[in-house]
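Observations on chain architecture
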Amino acid sequence: MQYIYKFEAMTTPCEVILFADSKLKADNCAKAILEEAKRLEKKYSYYNSDSLLSKLNQRQTNIVDVETKSLLQRAKQYYTITQGIFDITVATIKSLYHHHAQTITLENEKAKLLPFMGCEHFDIKRDKLIFDNPYTKIDLGGFVKEYAVDRAVVLVKKHKIKSALINFGGDIYALGKKPNGQKFKIGIKDPKDKTIHAMFIEIENEALTTSASYERNYQIESTTYSHILSKEKNINTLNSVTVIAKKCVESGVFSTSLMINPALKTANKHFML
């Protein structure tokens with residue numbers, strides 16, 4: 001039987017479709033996924049002053065647990081793999097886009113902070129996060145949302161469910177095939193007309209994410225800045241990039257990075273629109 005669960009977590013609508021042999025099994029699995037998503041939201045929210053991430057950014061603590069240490073180390077690895085494009089320290093300049101109404105003020109303030117962007121400005125020594133300056137900040141953002149999808153898959157398998165579709169705000173994982181033997185078909189929006197699909201992609205035991213410049217942006221005077229910020233530039237030439245990978249974290253990292261540098265090399269299957 002098919003069971004569908006919808007909720008909101010990490011500021012995004014989430015949907016979990018489970019194919020299980022009993023409603024009780026599906027309900028217990030969905031409950032575990034919701035609790036895990038909410039746990040990660042509380043722990044790593046950039047905007048919640050009580051979150052562990054905020055306390056690390058505000059230098060109120062520098063102690064990291066095993067999970068946080070692993071996430072930060074993985075982020076540093078992706079920073080290297082993507083040649084500095086995937087950068088969780090973009091938070092160093094992120095708040096400027098909310099607080100400045102003039103382009104010249106924004107650019108002047110950003111110029112002062114750019115030298116403190118980059119994952120080389122923090123290190124992890126045993127259970128401590130060490131920054132080399134007081135300005136660098138971290139935003140795990142979509143990285144944690146994609147990690148939450150991967151965690152949800154682990155929970156589905158733990159509940160012995162072999163067919164499921166996890167969708168956290170467009171960060172998707174398809175476990176197995178549908179009961180009818182067909183792969184899960186995912187529609188990719190047309191960047192020029194979001195009411196229609198430009199293409200459909202079938203996936204099985206794979207993650208799929210799409211990064212798009214048209215979804216959100218910052219408007220400051222006459223300049224439009226994409227929500228996908230980078231040290232080099234903030235205006236993307238692509239409308240969207242879809243990446244398929246074995247893990248949602250992996251697909252999310254590369255869909256974001258390819259938006260900034262379409263020439264970036266990756267072994268993951270990807271589509272640019």
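Residues numbered from 1 in each chain as written. Predicted model: local features only at pLDDT ≥ 70, side-chain atom pairs only at ≥ 80, totals over all residues. Heavy atoms only, no water.

1. Side note on the nonpolar core
One finds Leu 18, Ile 33 and Phe 168 to be the most contacted residues of the largest nonpolar core, which totals 63 residues. For this core, the leading source of residues is helix 7 (residues 141–158), giving nine residues. If near-sequence neighbours (up to four positions away) are discounted, Leu 18 is found in contact with Met 1, Gln 2, Tyr 3, Tyr 5, Ala 26, Cys 29, Ala 30, Val 156, Ile 161, Ser 163 and Ala 164. One finds Ile 17, Ala 174, Ile 188 and Leu 208 within the second-largest nonpolar core, a separate group that totals twelve residues. (Core = buried A, V, L, I, M, F, W, Y, C linked by side-chain atoms within 4.5 Å. Buried < 20%, exposed > 50% of the residue type's maximum accessible area, 1.4 Å probe, protein only. Helix = DSSP H or I, 4+ residues; strand = E, 2+ residues; numbered from the N terminus. Contact = heavy atoms within 4.5 Å.)

2. Re the confidence of the model for the protein
A residue-level look at the protein finds 87% of positions with pLDDT of 70 or above and a mean pLDDT of 89. In the model, residues 217–228 has pLDDT below 50 throughout and makes 44 contacts with residues more than four positions away in sequence or in other chains. (pLDDT = per-residue confidence, 0-100.)

3. Brief notes about the packing of helix 3 (residues 66–81) against helix 7
Taken N-terminus to C-terminus, the directions of helix 3 and helix 7 make an angle of 115°; their axes are 12 Å apart at the nearest point. Every pair of crossing elements has a handedness; the one defined by helix 3 and helix 7 is right-handed. Residues Glu 67, Leu 71, Arg 74, Ala 75 and Tyr 78 of helix 3 touch helix 7, and the partners they reach there are Phe 143, Val 144 and Tyr 147. Looking at the contact of helix 3 with helix 7 residue by residue, the classes come out as six nonpolar, no polar and two charged. (Axes fitted to C-alpha atoms, helices over the stretch in contact; angles between N-to-C directions. Left-handed = near helix turned anticlockwise from the far one by under 90°. Nonpolar A, V, L, I, M, F, W, Y, C, P; charged D, E, K, R; others polar.)

4. With respect to the packing of helix 7 against helix 8 (residues 248–260)
At their nearest, the axes of helix 7 and helix 8 sit 7 Å apart, and the two run at 150° to each other. It follows that helix 7 is roughly antiparallel to helix 8 by the angle criterion. The handedness of the crossing between helix 7 and helix 8 is right-handed. Contacts between helix 7 and helix 8 involve Phe 143, Glu 146, Tyr 147, Val 149 and Asp 150 from the former and Cys 248, Val 249, Gly 252 and Val 253 from the latter. For the contact of helix 7 with helix 8, the per-class residue count stands at six nonpolar, one polar and two charged. (Parallel < 35°, antiparallel > 145°, perpendicular 65-115°, else oblique.)

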